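Now for the letters of each chain:
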Amino acid sequence: MNDRGRETMGYVGGLLAATVLTAGAFAAVRWPTLFGPGTFAAVCALGLFQAIVQFRFFLHVRLKGSGRDDLLLLLFSSIIIVLMVAGTLVLMANLRGRMM
Amino acid sequence: MSRSVHVGLTLGEEGGPHHQQAESDLFGFWVFLMSDALVFALMFATYGAMLVGTAGGPGPRDLFELKPTLIETALLLASSFTWGMASISLKYGDGKPGLLAWMGTTLLLGMCFLFMEANDFATMFAKGAFPARSGFLSAFFGLVPLHGLHVLAGCIWILVMAVQVILIGTDDRTKTNLLRLGLFWHFLDVIWIAVFSVVFLGGLTR
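Residues numbered from 1 in each chain as written. Chains lettered and ligands numbered in written order. Predicted model: local features only at pLDDT ≥ 70, side-chain atom pairs only at ≥ 80, totals over all residues.

Peer 1: Can you walk me through helix α5 (residues 135–167) of chain B in this structure?
Peer 2: Along an α-helix, residues three or four positions apart point the same way, because every turn accommodates 3.6 residues. In this model α5 of chain B runs 48 Å from its N-terminal to its C-terminal C-alpha over 33 residues, within 8% of the 48 Å that 1.5 Å per residue would give. Downstream of α5 of chain B by a residue or two, G169 of chain B has a phi angle that is positive, lying close to 90 degrees. (Helix = DSSP H or I, 4+ residues; strand = E, 2+ residues; numbered from the N terminus. Expected span 1.5 Å × (residues − 1).)

Peer 1: Explain the interface of chain B and chain A here, please?
Peer 2: How big an interface is tends to be expressed through the accessible area that disappears when the partners come together. With 39 residues of chain B at the contact, the number on the chain A side is 41 residues. Among the elements of the structure, α1 (17–50), α3 (66–91) and α6 (172–205) of chain B are those that each provide at least two residues to the side of chain B that touches chain A. Sort the elements by how many residues they give to the side of chain B that touches chain A and α1 of chain B lands first, with 13 residues. (Contact = placed C-beta atoms within 7 Å.)

Peer 1: Any chance you could explain the packing of α3 of chain B against α6 of chain B here in plain terms?
Peer 2: Packed helices, taken two at a time, are described by their axes: the angle between them and the distance between them. Residues and elements named next belong to chain B. Running from amino to carboxyl end, α3 crosses α6 at an angle of 160 degrees, the nearest separation of the two axes being 10 Å. Classed by the angle they form, the pair α3 and α6 counts as roughly antiparallel. Judged by the twist between their axes, the crossing of α3 over α6 is left-handed. Contacts from L66, T69, T73, L76, L77, S80, W83, S87 and L90 in α3 reach K175, L178, G182, W185, H186, D189, W192, F196, F200 and L204 in α6. Residues of the contact of α3 with α6, tallied by class, amount to 11 nonpolar, six polar and two charged. (Axes fitted to C-alpha atoms, helices over the stretch in contact; angles between N-to-C directions. Parallel < 35°, antiparallel > 145°, perpendicular 65-115°, else oblique. Left-handed = near helix turned anticlockwise from the far one by under 90°. Nonpolar A, V, L, I, M, F, W, Y, C, P; charged D, E, K, R; others polar.)

Peer 1: Explanation requested: unusual backbone geometry in the structure shown.
Peer 2: Most peptide bonds adopt trans geometry, and most residues besides glycine take a negative phi value. Residue and element names in this part refer to chain A. Positive phi, normally seen in glycine, also occurs at H60, with a value near 55 degrees. Relative to the elements of secondary structure, H60 occurs in the loop between α2 (39–57) and α3 (70–99). On the basis of neighbour count, H60 is assigned to the buried category, with 23 C-beta atoms found within 10 Å. (Buried ≥ 20, exposed ≤ 12 C-beta atoms within 10 Å, placed from the backbone.)

Peer 1: Help me understand the domain arrangement of chain A in this model?
Peer 2: Entries for chain A in the domain assignment read domain 1 (1–60) and domain 2 (64–100). The gap between the C-alpha centroids of domain 1 of chain A and domain 2 of chain A is 22 Å. (Domains from an automatic or database assignment.)

Peer 1: Just to check I follow, could you spell out α3 of chain A for this structure?
Peer 2: Helix length check: α3 of chain A (30 residues) gives 43 Å between terminal C-alpha atoms against 44 Å at 1.5 Å per residue, within 8%. Of all 30 residues that make up α3 of chain A, one are buried, and the element is exposed over most of its length.

Peer 1: I would appreciate a short explanation of the nonpolar core in the present structure.
Peer 2: Looking at soluble globular proteins, one finds that nonpolar side chains tend to be buried together. In this structure, A25 of chain A together with I191 of chain B are the most contacted members of the largest nonpolar core, which totals 71 residues. Sorting the residues of this core by element identifies α1 (3–30) and α2 of chain A together with α1, α3, α4 (96–126), α5 and α6 of chain B as the ones contributing at least two each. Of all the elements, α6 of chain B adds the most residues to this core, at 18 residues. For A25 of chain A, the contacting residues outside a window of four places in its chain are V43, L46 and G47 of chain A together with S197 and L201 of chain B. (Core = buried A, V, L, I, M, F, W, Y, C linked by C-beta atoms within 7 Å.)

Next comes the structure, spelled out in structure tokens:
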């Protein structure tokens, strides 16, 4: 297979994987008995996995061979985001608990 | 390119001056995207903190529906794929008609998404769910339409780039801008994954 065919297949593969993961998340909510109380956790896990799939196949970010500083930037931003979002949620929930 | 990691990056020899310039241009755009991601992340955090603040007004279960969200998700995902096809068309020099056809398809899908989202908001307004109704709704209308505005900006950008492709052709500068637009468009789809997972699906499981 030539370069073009391989790259097209990369996008097709990404599309298929993303479709399956999206369908899984919506199915989990449509039929709540599937995962029971863990439905939201399942949706989040599927979403996270889909984000990784899209970064890999559509945005062409890889763990190995990226050769750019993109990955470093991405991981650093992820740490900042996790810290700020988790910090905000913990702080605000704590504040609410004390105010109520 | 030996590894063909970056689809569309065909601005000269690997390691050549054009290539290096494009690499640093795109890295700059990545920095912008990540700062944009931070804005979205904090809007998500605000939404999460405000989730319980419905003030007796309509909550997620009264307002969100599975079907429109699924259709919107499919539209955005398809548009991300068609932009990928546009990138490949650009990389292998298929000429203007092929490139413009894929760009036009992407634009059409993006506009369908915006139309459906506007329709959703109108339905919510009809149920009395205005931004000023409660903290939850303020946070919702801060987060979801922000993504919509980004998609709108992306649509306008596609139009602008289509005009450039028609008038100027695909020279190095147009190519770099198309690569940036591609990053932006795919990035918006990743943000939408978080929106539909946390806001819509999360709201419906509560």
